[in-house]
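Per-entry structural report
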Amino acid sequence: MREPPPAGRPDPEAGARLWRGSVAQRLRLVSGLVLFAFAATHFANHALGLVGLDTMMEVARWRVAVTRSLPGSLILGLALLAHIAFSLVRLAERRTLRMPPWEAMQTLLGFAIPFLLVPHVLGTRITNLVDGTRTTYAYVIARIWPDGMGYQTALLLVVWLHGCLGLHAWLRLSPLYRRMAPLLAVPAFGLPAAALAGIVTQGRLMERDRVLARRFDAPDLDARWQVPPVDTTVAAWGDTVTGIIYAAVALALGVVLMRAAATLRARRFSVTYVGGPTVKSLEGPTLLEISRANRVPHVSVCGGRGRCSTCRVLVVAGEESLSAAGPQEAAALRAIGAPGNVRLACQARPGGDVAVMRILDPRRSETADKHLTNTDVAGIEREVAILFIDIRGFTPLSERKLPFDVVFILNRFFEAAGREIEAAGGWIGGYAGDGLLALFTHPDGIGPACRAAFIAAARVDGAVSELNRQLAAELPAALRIAMGLHAGPLVLGRLGYGASRGMSVIGPAVNLASRLESLAKAADMQLVASAEAALRAGIGLDGLRVETVSVRGVRAELPVIYAPQAADLAERLRRPAAV
């Protein structure tokens, strides 16, 4: 297993998840990032109009030295062509035009950009290449002010909104981004506003200079804002390029419509969702596309790009009817430790009758608390801190007691431990004999959840000591506990049949926490926790017994900490971790 990240640092696995995808998806992503970086620096240059025209032009001189150099021009040109081409191919590959609202908006904005961008590029970069015109800010502002401002404003806002939607859809897979999103909202709204304000400020100054030039016969003021006529050949190219774009979009849409028409005679089969409904489909679309085409709610955080695994389904029947998992899907499923009958709905294409269960509940509007109390919940994935607690040596003790006494002692133990777990913000996830499973989540992420789990472990330590004092006359020997603590992604859902269905958790992290509890017993320690969970809780490892151990069921070795008493860590929870 990888070394745990330092406290407060992002998990590198989250970064790897951002770059999952096919070669085409990655190229489209990289091309989009290049174009977004160009747009952001371009708009930041616009915003300097609030300072002055000379500042705008001086900064633009350095920026253009990069973007209009041969390497810069090639990178930008190839990025633009690649992004458009991959977008057209993605549109042509669709089996349905139904998609989430944010994706529909991003798609429409994306296809609007070329039509708005062509006149701007022809009037600036192409004009500069053809006749050497210095297309400075003074030249551009004189061309667009005031009649062209509506057009340029639309271009700026469409480009920026399209880029921000794409960036958000990509980065929301990262916990670090989710924490920083409120701060990033400032430049997201502020930069385009400042860019427009900078252009408007200089446009008004240009207007003032021209008025003064006419009034006082000052040709030097007017000459500052001269606009040479656009070459007629360059102007004619505009219609040609726009026509090519229209033809490409029409071709992509035509492919989609031809596929839709072909489905009218295609053989249909059934796709059954556990809990309803059953829909008819045909060979070709993915399970996610089938869900969208039939308005079946289906979670897909990354928009069906195979990066996030939130659309995954448990195949109940008809597994042989699904297409084989490709490298991209296999890598995503391997990263989450999914069993063989779990597939990504955005990648799996059925060719016959199939029955599936959506693992993550699509009812996104519910709060976590409501979700967990819903008796029909299909499942929700959360990062959870897991605390296993077990009484050491309870079997010999129970053999010397009457059944009533055994139940009495256990209930007193569960009551004492449960009270402290709930006080720390956790809840009991299940009981097994003389042990229990406690789970902790937190709105601010896995770090505070781990902290709450360690606090609960320390409180349970104290509660058991107090229980031993109260039951000293009833116990032949004091109760001793062993605890295992770990954190990781789990699926929470109600499992079972009928009225016996209870909230359960599924995932490798549960088994690992159980193994750590067994390790605590073997080492005669009260608590063994993964070093990763400790660092996420803000516990410094200096001075602690830290070992890298082999844990049954885990391929790689795992760094763990040993604590003779869980309460010993209480002081460390009150001071920052050493990184």
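If you're wondering where the values come from, they're calculated on a predicted model, not measured in any experiment.

1. What to know about the overall build of the protein
- Check the secondary structure of the protein and you find 18 helices and 13 strands.
- The buried share among the 579 residues of the protein stands at 46%.
- Considering only contacts in the protein between residues 6 or more positions apart, those separated by 24 or more positions represent 71%.
- In the structure as shown, the protein presents an accessible area of about 28,700 Å², 61% of it carried by carbon and sulfur atoms.

2. What to know about the packing of aromatic side chains
- What the rule picks out here adds up to four aromatic pairs.
- Here Phe413 and Phe414 contribute two aromatic rings whose centre-to-centre distance is 5.5 Å and whose plane-to-plane angle is 50°, an arrangement assigned as tilted. You'll find Phe413 and Phe414 in the same group, each marked buried.
- Residue placement shows Arg545 over the ring face of Tyr562; its charged tip is 4.0 Å from the ring centre.

3. Brief notes about the pairing of strand 1 (residues 268–273)
- Summarising the sheet, strand 1 and strand 2 (residues 278–282) pair through five bridges and their orientation is antiparallel. When the sheet's bridge partners are listed, Ser270 is paired in strand 2 with Lys280.
- Count of turn residues in the strand 1/strand 2 antiparallel hairpin: four residues, of which Gly275 carries a positive phi of about 90°.
- Pairing analysis gives three bridges linking strand 1 to strand 5 (residues 354–358), with the strands arranged parallel. Pairing of Val271 across the sheet is with Val354, part of strand 5.

4. A few points about a nonpolar patch on the surface
- A cluster of nonpolar side chains, contributed by Leu129, Val130, Trp237 and Val241, occupies part of the molecular surface with about 340 Å² of accessible area.
- Going through the elements one at a time, helix 5 (101–131) and helix 10 (232–262) are the ones with two or more residues in the nonpolar patch.
- With respect to the secondary-structure elements, Val241 resides in helix 10.

5. Quick look at helix 5
- Helix length check: helix 5 (31 residues) gives 44 Å between terminal C-alpha atoms against 45 Å at 1.5 Å per residue, within 8%.
- At Val121, helix 5 is deflected by roughly 45°, the largest bend along its length.
- Of the residues one or two after helix 5, Gly132 is the one with positive phi, at around 75°.

6. Focus on the nonpolar core
- Grouped together as the largest cluster of nonpolar side chains are 47 residues, with contacts concentrated most on Leu387, Ile389, Phe413, Phe440 and Phe454.
- The set of elements that each furnish at least two residues to this core consists of strand 6 (380–392), helix 15 (403–423), strand 8 (435–440), helix 16 (446–470), strand 9 (480–495), strand 11 (527–530), helix 18 (531–537) and strand 13 (558–563).
- At eleven residues, the largest contribution of residues to this core is made by helix 16.
- The next biggest cluster of nonpolar side chains, apart from the first, holds 34 residues, and it includes Leu333, Val342, Ala345 and Ile359.

7. With respect to the sheet that holds strand 3 (residues 312–317)
- The strand order across the open sheet built from five strands is 2-1-5-3-4, with neighbouring strands paired in mixed fashion. Each having just a single partner strand, strand 2 and strand 4 (342–344) make up the two edges of the open sheet. Taken over all neighbouring pairs, the strand axes of this sheet differ in orientation by 40° on average, direction set aside.
- By the bridge criterion, three bridges tie strand 3 to strand 4 in an arrangement that is antiparallel. Bridge assignment links Arg312 to a residue of strand 4, and that residue is Leu344.

8. Section: the pattern of salt bridges
- Summed over the entire model, instances satisfying the criterion amount to 14 salt bridges.
- Where Glu58 meets Arg61, a salt bridge forms, and the shortest distance between an N and an O atom there is 2.7 Å. Taken together, the positions of Glu58 and Arg61, both in helix 3 (residues 53–67) and three residues apart, correspond to about one turn of that helix.
- Each of Glu383, Glu532 and Arg536 takes part in one network of salt bridges that share partners.

9. What to know about the confidence of the model for the protein
- Averaged over all residues, the pLDDT of the protein equals 81, while 84% of them reach at least 70.
- Across the protein, element-level confidence peaks in strand 11 with a mean pLDDT of 94 and bottoms out in helix 13 (residues 368–373) with 40.
- Note on residues 1–12: pLDDT under 50 across the span, and 29 contacts to partners over four residues away in sequence or across chains.
- Contacts of residues 364–378 to residues separated by more than four positions or lying in other chains number 33 contacts, the stretch itself having pLDDT below 50.

10. Description of the environment of Leu485
- Looking at the element boundaries, Leu485 is found in strand 9.
- Sequence spacing of Leu485 and Phe388 is 97 residues, and the spatial spacing of their C-alpha atoms is 6.4 Å.
- Apart from the residues within four sequence positions on either side, Leu485 is in contact with Ile386, Leu387, Ala453, Phe454, Leu516, Leu527, Val528, Ala529, Ser530 and Ala533.

11. Thoughts on the environment of Asn511
- Within the element layout of this structure, Asn511 appears in helix 17 (residues 508–522).
- For Asn511, a relative accessible area of 46% puts it in the partly exposed group.
- It is 9.6 Å that separates the C-alpha atoms of Asn511 and His486, two residues lying 25 residues apart in sequence.

12. Section: unusual backbone geometry
- Note that the residue after Trp145, namely Pro146, is joined by a cis bond; omega there is -5°.
- Within the element layout of this structure, Pro146 appears in the loop between helix 6 (137–144) and helix 7 (149–171).
- Of note in this structure, Arg295 is not a glycine but carries a positive phi near 55°.
- Following the sequence through the fold, Arg295 ends up in the loop between helix 11 (287–293) and strand 3.
- One non-glycine residue, Asp524, lies in positive phi territory at about 55°.
- Turning to its location among the elements, Asp524 is positioned in the loop between helix 17 and strand 11.
- You can call Asp524 partly exposed: its relative accessible area is 47%.

13. Observations concerning the pairing of strand 13
- Along strand 13, six of the six residues are buried, which leaves the element largely enclosed by surrounding structure.
- What you see with strand 13 is no split at all: Leu558, Val560 and Tyr562 on one side and Pro559, Ile561 and Ala563 on the other are buried throughout.
- Both strand 11 and strand 13 contribute to a ladder of four bridges, which runs antiparallel. Within the sheet, the bridge partner assigned to Ala529 lies in strand 13 and is Ile561.

14. Section: the packing of helix 2 (residues 23–47) against helix 7
- Running from N to C, helix 2 and helix 7 cross one another at 135°; their axes reach a closest spacing of 10 Å. One way to sum up the angle between helix 2 and helix 7 is to call them oblique. The two elements helix 2 and helix 7 meet at a crossing, and its hand is left-handed. Two secondary-structure elements touch here, helix 2 through Leu29, Leu33, Phe36, Ala39, Ala40, Phe43 and His46 and helix 7 through Leu156, Val159, Trp160, Gly163, Cys164, Leu167 and Trp170.
- For the contact of helix 2 with helix 7, the per-class residue count stands at twelve nonpolar, two polar and no charged.

Reading the values: rules and limits
- Per chain, residues are indexed from 1 in the order of the written sequence.
- Residue-level local features of this predicted model are given only where pLDDT is at least 70; pairs of side-chain atoms are given and counted only at 80 or more, and the full residue set underlies all totals for whole chains, interfaces and linings.
- Calculated side-chain values reflect all of the structure's heavy atoms, with hydrogen atoms and water omitted.
- Numbering of helices and strands runs from the N terminus, with a helix taken as a DSSP run of H or I at least four residues long and a strand as a DSSP run of E at least two residues long.
- In this scheme, a residue with accessible area under 20% of its type's maximum is buried, one over 50% is exposed, and one in between is partly exposed, where area comes from a 1.4 Å probe on protein chains only.
- By the convention used here, residues are in contact when the closest approach between their heavy atoms is within 4.5 Å.
- Calculation of accessible area relied on Shrake-Rupley with a 1.4 Å probe; when residues are assessed, cover is drawn exclusively from the protein chains displayed.
- Any Phe, Tyr or Trp ring, taking Trp's six-membered ring, that has another such ring centre within 6.5 Å forms a pair; planes under 30 degrees apart are called stacked, those over 60 apart edge-to-face, and the others tilted.
- For a lysine, the NZ atom is tested; for an arginine, the CZ atom; a charge sits over a ring if that atom is within 6 Å of the ring centre and within 35 degrees of the ring normal.
- For two strands to pair, DSSP has to find at least two bridges joining them.
- Nonpolar side chains (Val, Leu, Ile, Met, Phe, Trp, Tyr) within 5 Å and like charges within 9 Å form the patches, drawn only from residues with over 30% relative accessible area and no salt bridge.
- Salt bridges are defined as contacts in which a side-chain nitrogen from Lys or Arg sits within 4 Å of a carboxyl oxygen from Asp or Glu.
- Multiplying one less than the number of residues by 1.5 Å gives the expected span of a helix.
- By definition, a residue's bend is the angle between the axes fitted to the seven residues ending there and the seven starting there.
- Only buried residues count toward a nonpolar core, which is a set of Ala, Val, Leu, Ile, Met, Phe, Trp, Tyr and Cys residues joined through side-chain atoms within 4.5 Å.
- Working convention: axes come from line fits to C-alpha atoms, limited for helices to the stretch in contact. Angles between N-to-C directions cover 0 to 180 degrees.
- Known as pLDDT, the predictor's confidence for each residue is given on a scale from 0 to 100.
- Any angle that falls under 35 degrees is termed roughly parallel, while one over 145 is termed roughly antiparallel, one within 65 to 115 roughly perpendicular, and all others oblique.
- If you view the pair so one helix is near and one far, a crossing is left-handed when the near helix is turned anticlockwise from the far one by less than a right angle, and right-handed when it is turned clockwise.
- Under the scheme applied, nonpolar residues are Ala, Val, Leu, Ile, Met, Phe, Trp, Tyr, Cys and Pro; charged residues are Asp, Glu, Lys and Arg; polar residues are all the others, including Gly.

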